[in-house]
Number of protein chains: 2
Amino acid sequence: MPDIKHFDPDRALERAERLFWRHGAATTSIQAVTAETGLNRSSLYATFGDKRELHLAALRRHVRLRSAPVCAALAADPRGLPAVREFFAGLVDARCEGEYARWGCMLVNAYAGEEAADPEVRAVLDGHHRSLRDAFRAVLETARDQGQLAPGVVPGDGAEVLVLLAYGVNVRSRAGAGAGELHRTVAAALAGLASGSR
Amino acid sequence: MPDIKHFDPDRALERAERLFWRHGAATTSIQAVTAETGLNRSSLYATFGDKRELHLAALRRHVRLRSAPVCAALAADPRGLPAVREFFAGLVDARCEGEYARWGCMLVNAYAGEEAADPEVRAVLDGHHRSLRDAFRAVLETARDQGQLAPGVVPGDGAEVLVLLAYGVNVRSRAGAGAGELHRTVAAALAGLASGSR
DNA sequence: TTCATCCTGAAACGGTCGTTCCAAGTTCCG
DNA sequence: CGGAACTTGGAACGACCGTTTCAGGATGAA
């Protein structure tokens with residue numbers, strides 16, 4: 001083993017992930033990545049390959065470290081509908097306040113970009129879509145078994161609806177929609193799922 | 001009046017609109033616009049100004065000629081819920097089949113792009129959001145007056161939910177989601193609005 | 001017809017893009 | 001200590017970016 005890397009690859013990837021997240025793949029230049037990470041072009045290319053591979057690695061890191069844990073926690077939550085409400089409350093807050101306010105969701109942003117034509121990008125997006133949908137379905141099945149669900153609500157279909165709702169929240173939050181407005185809208189959408197609500 | 005334009009500005013703008021719609025603002029070059037429209041840089045700049053202004057004009061044309069008429073027809077539809085179902089059926093078909101399949105919605109794409117930080121772009125997006133929401137609210141009020149609405153559904157809140165649902169459909173359709181899947185999901189979402197559904 | 005006015009075509013601007021290359025430096029193994 | 005293996009810094013590549021400029025052609029008014 002002759003020489004060792006002088007930097008932490010995952011730390012650099014996390015910086016790149018943030019750039020791609022906030023500005024998008026097309027408008028994030030390699031130069032911007034080198035400036036943000038502190039390392040130079042050679043190290044970047046030697047470690048991650050070209051820009052497309054770097055973006056893919058950033059997308060996959062995002063799914064692995066940010067999206068997947070949330071999906072797993074959601075799927076394993078035994079509370080039923082309250083878990084769904086908590087998920088959306090956290091989503092709205094994360095999108096409207098704090099460090100990542102108005103960044104939207106990195107994956108939803110990728111849907112709308114030119115990069116969505118890339119089969120490997122699409123595979124990441126599809127994988128995340130399935131994860132989130134399956135998590136919602138599990139929670140809705142739990143809710144149904146506990147009698148929380150309004151009659152007529154099918155967990156599989158309801159889960160797809162909730163995923164689209166989450167996409168909508170992510171889209172709308174990027175244009176500066178207020179947290180209060182989104183909380184209210186989400187509450188109205190979820191009210192239709194609960195038994196005894198009407 | 002010395003000389004007259006040798007081309008139809010709106011025809012050129014429509015070509016540019018399609019490029020921005022399909023590929024996004026960042027990845028559509030002026031060169032691509034000149035190639036698509038057939039006119040050269042000078043005429044382009046003299047007519048529309050720089051790239052930002054061209055993109056804004058394309059966005060506004062999109063709202064004026066494609067989005068606004070649909071919103072107006074929706075708002076004026078006297079049928080209530082069937083109008084909502086027809087809107088979404090048409091949306092899903094337009095996004096999944098035909099000439100514009102998998103292009104998504106130009107406005108939703110703009111939400112996710114870097115251009116959403118531009119105040120003028122954001123004004124266009126907000127205007128469209130309000131138009132669509134108001135149209136949905138009008139239709140839901142009609143539905144309520146005709147007894148079609150499930151008790152507990154507030155037209156104002158339901159309208160916001162439907163807009164987010166539409167955003168979700170637009171996002172998901174760009175990654176190749178099937179029309180059948182989206183039709184089914186939309187149907188499940190709308191079922192919760194109808195009276196006697198549960 | 002003359003002329004002022006506008007449009008068109010094409011070349012060119014500086015800047016930035018993603019990517020490659022290579023010399024110099026650093027590290028571990030024997 | 002010698003040298004192979006690998007990283008690093010930095011220059012350089014051609015291509016493309018958005019934009020400007022200008023000469024020359026076309027047009028309508030007087």
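Source: prediction; values computed, not measured. (Residues numbered from 1 in each chain as written. Chains lettered and ligands numbered in written order. Predicted model: local features only at pLDDT ≥ 70, side-chain atom pairs only at ≥ 80, totals over all residues. Heavy atoms only, no water.)

### Digging into the interface of chain B and chain A
Part 1 of the reasoning: Each partner contributes residues to the interface: chain B has 40 residues there, and chain A has 40 residues.
Part 2 of the reasoning: When chain B packs against chain A, close to 3500 Å² is buried across both sides, 61% of that on carbon and sulfur atoms.
Part 3 of the reasoning: At the boundary of chain B with chain A, the tally comes to four salt bridges.
Part 4 of the reasoning: One can count 13 residue pairs in polar contact (both at pLDDT 80 or more) joining chain B with chain A.
Part 5 of the reasoning: Residue assignment for the side of chain B that touches chain A shows that the elements contributing at least two residues are α1 (9-23), α6 (106-112), α7 (119-145), α8 (155-174) and α9 (179-191) of chain B.
Part 6 of the reasoning: No other element matches the eleven residues that α8(B) contributes to the side of chain B that touches chain A.
Part 7 of the reasoning: Taken together, the residues of the side of chain B that touches chain A sort by class into 18 nonpolar, ten polar and twelve charged. (Contact = heavy atoms within 4.5 Å. Buried area = accessible area lost by both parts, 1.4 Å probe. Salt bridge = Lys/Arg side-chain N within 4 Å of Asp/Glu carboxyl O. Polar contact = N/O pair within 3.5 Å; in protein donor to acceptor, adjacent residues only side chain to side chain. Helix = DSSP H or I, 4+ residues; strand = E, 2+ residues; numbered from the N terminus. Nonpolar A, V, L, I, M, F, W, Y, C, P; charged D, E, K, R; others polar.)

### Regarding the packing of aromatic side chains
All names here are of chain A.
Part 1 of the reasoning: Tallied over the entire structure, the rule returns 14 aromatic pairs over all chains.
Part 2 of the reasoning: Relative to F136, the ring of F88 has its centre 5.8 Å away and its plane inclined at 10 degrees; by these criteria the two rings are stacked. With a gap of 48 residues between them, F88 in helix α5 (residues 81-96) and F136 in helix α7 (residues 119-145) connect regions that are remote in the sequence. We note that F88, like F136, is buried. (Phe/Tyr/Trp six-rings, centres within 6.5 Å; stacked < 30°, edge-to-face > 60°. Buried < 20%, exposed > 50% of the residue type's maximum accessible area, 1.4 Å probe, protein only.)

### A closer look at the environment of D50(B)
Residue and element names in this part refer to chain B.
Part 1 of the reasoning: Topologically, D50 is positioned in the loop between α3 (41-48) and α4 (51-76).
Part 2 of the reasoning: Overall, D50 belongs to the partly exposed group, its relative accessible area being 37%.
Part 3 of the reasoning: C-alpha separation for the pair D50 and R122, spaced 72 residues apart in sequence, amounts to 18 Å.
Part 4 of the reasoning: Here E53 takes part through its backbone nitrogen, which lies 3.1 Å from a polar atom of the side chain of D50.

### So, α8(B)
Note on helix geometry: an α-helix contains 3.6 residues per turn, so any two residues three or four positions apart are oriented the same way.
Part 1 of the reasoning: Here α8(B) contains 20 residues, and its C-alpha end-to-end distance of 29 Å stays within 8% of the 28 Å for a straight helix at 1.5 Å per residue.
Part 2 of the reasoning: Among the 20 residues of α8(B), 19 are classified as buried, and the element is accordingly described as predominantly covered. (Expected span 1.5 Å × (residues − 1).)

### Details of the UniProt feature "DNA-binding region" (unreviewed entry) in chain A
Part 1 of the reasoning: Here the UniProt feature "DNA-binding region" (unreviewed entry) sits at residues 29-48 of chain A.
Part 2 of the reasoning: Helix makes up 80% of residues 29-48 of chain A and strand 0%. Its end C-alpha atoms lie 15 Å apart. (UniProt positions renumbered as here; feature names shortened; annotations may be inferred.)

### What to know about the layout of surface pockets
All names here are of chain A.
Part 1 of the reasoning: The space that makes up the second largest pocket amounts to roughly 500 Å³.
Part 2 of the reasoning: Around the second largest pocket, the lining is made up of 25 residues, and of these R66, V70, F87, L91 and R95 lie nearest the centre.
Part 3 of the reasoning: When contributions to the lining of the second largest pocket are tallied by element, the ones reaching two or more residues are α4 (51-76), α5, α6 (106-112), α7 and α8 (155-174).
Part 4 of the reasoning: Residues belonging to the lining of the second largest pocket are distributed by class as follows: 15 nonpolar, five polar and five charged. (1 Å grid on protein atoms, 1.4 Å probe; cavity = no way out; pocket = protein on both sides within 12 Å on 5 of 7 lines; lining within 4 Å. Points joined across faces, edges and corners; volume = space filled by probe spheres on them.)

### Structural notes on the relation of the copies chain B and chain A
Part 1 of the reasoning: Rotating chain B by 180 degrees about the axis while translating it 0.0 Å along that axis superimposes it on chain A, leaving an RMSD of 0.0 Å. Such a combination of turn and shift is consistent with a two-fold rotation axis. Judged by C-alpha distance, G168(B) is the residue of chain B that lies nearest the rotation axis, at 2.4 Å.
Part 2 of the reasoning: Most of the interface of chain B is mirrored in chain A, where 100% of its interface residues are also at the interface. (Least-squares fit on C-alpha atoms with pLDDT ≥ 70 in both.)

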